[in-house]
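Analysis of the macromolecular model
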Amino acid sequence: MAFMEKPPAGKVLLDDTVPLTAAIEASQSLQSHTEYIIRVQRGISVENSWQIVRRYSDFDLLNNSLQIAGLSLPLPPKKLIGNMDREFIAERQKGLQNYLNVITTNHVLSNCELVKKFLDPNNYSANYTEIALQQVSMFFRSEPKWEVVEPLKDIGWRIRKKYFLMKIKNQPKERLVLSWADLGPDKYLSDKDFQCLIKLLPSCLHPYIYRVTFATANESSALLIRMFNEKGTLKDLIYKAKPKDPFLKKYCNPKKIQGLELQQIKTYGRQILEVLKFLHDKGFPYGHLHASNVMLDGDTCRLLDLENSLLGLPSFYRSYFSQFRKINTLESVDVHCFGHLLYEMTYGRPPDSVPVDSFPPAPSMAVVAVLESTLSCEACKNGMPTVSRLLQMPLFSDVLLTTSEKPQFKIPTKLKEALRIAKECIEKRLIEEQKQIHQHRRLTRAQSHHGSEEERKKRKILARKKSKRSAVENSEEYSAKYSNSNNSAGSGASSPLTSPSSPTPPSTAAALGLGKRCKEGKDVHITSTASASATSSSLASCEHRGAYTAPAPGCEWREPRGLTQLHPEFPKGNFEESRNL
């Protein structure tokens, strides 16, 4: 594709920082080998998943390629004899799943091109180094004074950004670095505004911004040239690494972990905060602060890659701050990323996880105070301080900066408005992503709680109690209905209602055998008149060793039965006559 050629219509701009997860769903044994069926998912959406098939030899090839990182990865060992046994395959599948879990949760490994191609071959099958070379070759046709010395393979972490060592033909000893980058998912500038802003970058002068020598862009990518610095970046200083080495080799497993001295932390931190405040005041979005984007020039830190936000590239720490809904502006993103950078300068390594519950001993409590304000649970939950607030903290407030260079970066009003709109769009996408992650986390937590052993036991106990309560209520309801039906069936139209104040004779109760016992063990007798027509109208009257107007305290009724069942000698004719009446 020519350098000035437009990108294909409908091109999908993936966010390469969205984490991939992989789960082995099944295995199938063929004649001479076993294949593992893997379900890969991008982000939190189950719909955004696909299946891949890999053999053990594919895992082994990936593992050999990742050895450059110097990490001890838990790939199951090879086995030549008996590798088709069912039990062995099941055990190996567990080991391979553990291997996938390790490489997908490692922040550096999970973002490297080798792992992306292994898990998502459809989206990462292109040779980006070859594409970059084609673009650069097209550029050199119109700019013959530049010449490529060698490609700087994989010195950065981005898959779609490539670097080349350059020289000027009439100055052969001077070395420069050319960087080429494709567009990202957060590119919201119009093509015209985008190209104008890229070409404006060489005019940016600031003591703490690494100067751009040349910059150009088309509708699909940008190309920038800077001076090559033999000392490398701030990350190279922390990890004692060589600038030209691959990213995995330099930073995955440092030989010696050692932070910087307190004075270096104070000076570098103050310089970085000053340039962030300058960009924020200019309305220029950054959002890409990390140790590899800070060039060391003597004792001065200079910020790199201002073009990343114009290209719409996602941040190195996006998978961290997208978890926290209060980090929802590019200013707060810069402050949070500064916390990561300060942690690396202090301890010589990145934090194991964010938020950080407790911080190891630091050269000064003033350092811990800044770290707590940017990386602690409370800070991530409640929001980040401003850059101005950090500058006022004791760690940086007493640092004296000696520079005579006056900052200069003129942005036309029209382009400032375009930057403001693009910034709002970037933040809107971040807020929407954070909302989805928050909802997914709540749903997952609820499902996990609902499926826990303790919760299942609670539900069983509640179900038993509810069942018993329902049975008792049904029994009482049935008893009341049956009693009411018998009372209405035995009472006649001419039968006078029994008044509580007028006890009835005990003859009917004696004849019916309706003697009951109360809770205290005393006999209770149902009283009635001798008249058959008034028999069942007085069944509600109680007598405690005699005739009473109401049931004695503590009395219980047994389940009522039919009159003939209660006493076989009760005159059937009287009962039938009473019911007919």
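A quick note: this is a predicted structure, and the numbers were derived from the prediction, not measured. (Residues numbered from 1 in each chain as written. Predicted model: local features only at pLDDT ≥ 70, side-chain atom pairs only at ≥ 80, totals over all residues. Heavy atoms only, no water.)

1. Here's the deal with the overall build of the chain
A tally of regular secondary structure across the chain gives 21 helices and 13 strands. When each of the 581 residues of the chain is scored for burial, the buried share is 47%. Summarising the internal contacts of the chain: among those between residues at least 6 apart in sequence, 63% fall at separations of at least 24. For the chain, the accessible surface area stands at approximately 30,400 Å², while carbon and sulfur atoms represent 52% of it. (Helix = DSSP H or I, 4+ residues; strand = E, 2+ residues; numbered from the N terminus. Buried < 20%, exposed > 50% of the residue type's maximum accessible area, 1.4 Å probe, protein only. Contact = heavy atoms within 4.5 Å. Areas by Shrake-Rupley, 256 points an atom, 1.4 Å probe, with all protein chains shown as cover.)

2. Details of the side chain of Asp186
Among the structural elements, Asp186 can be located in the loop between strand 6 (171-182) and helix 6 (191-200). Sequence-distant contacts of Asp186, defined by excluding residues within four places in its chain, comprise Gly312, Arg318, Ile426 and Arg429.

3. Considering the pairing of strand 8 (residues 221-227)
Two faces make up the sheet, and in a regular strand the side chains alternate between them. By the criterion of burial, strand 8 is predominantly enclosed, with six of the seven residues buried. Pairing between strand 6 and strand 8: seven bridges, direction antiparallel. The residue bridging Val177 from the neighbouring strand is Arg226, located in strand 8. Bridging between strand 7 (residues 214-217) and strand 8 involves four bridges; their strand directions are antiparallel. The partner of Thr216 across the bridge, within strand 8, is Leu223. (Pairing = 2+ DSSP bridges.)

4. Regarding the nonpolar core
In terms of nonpolar packing, the biggest core is built from 111 residues, with Leu66, Leu234 and Leu289 touching the most fellow members. Examining the composition of this core, we find that nine residues originate from one element, helix 12 (residues 330-347), more than from any other. Counting 13 residues, the second-largest nonpolar core is a separate cluster that includes Phe139, Phe140, Leu178 and Trp180. (Core = buried A, V, L, I, M, F, W, Y, C linked by side-chain atoms within 4.5 Å.)

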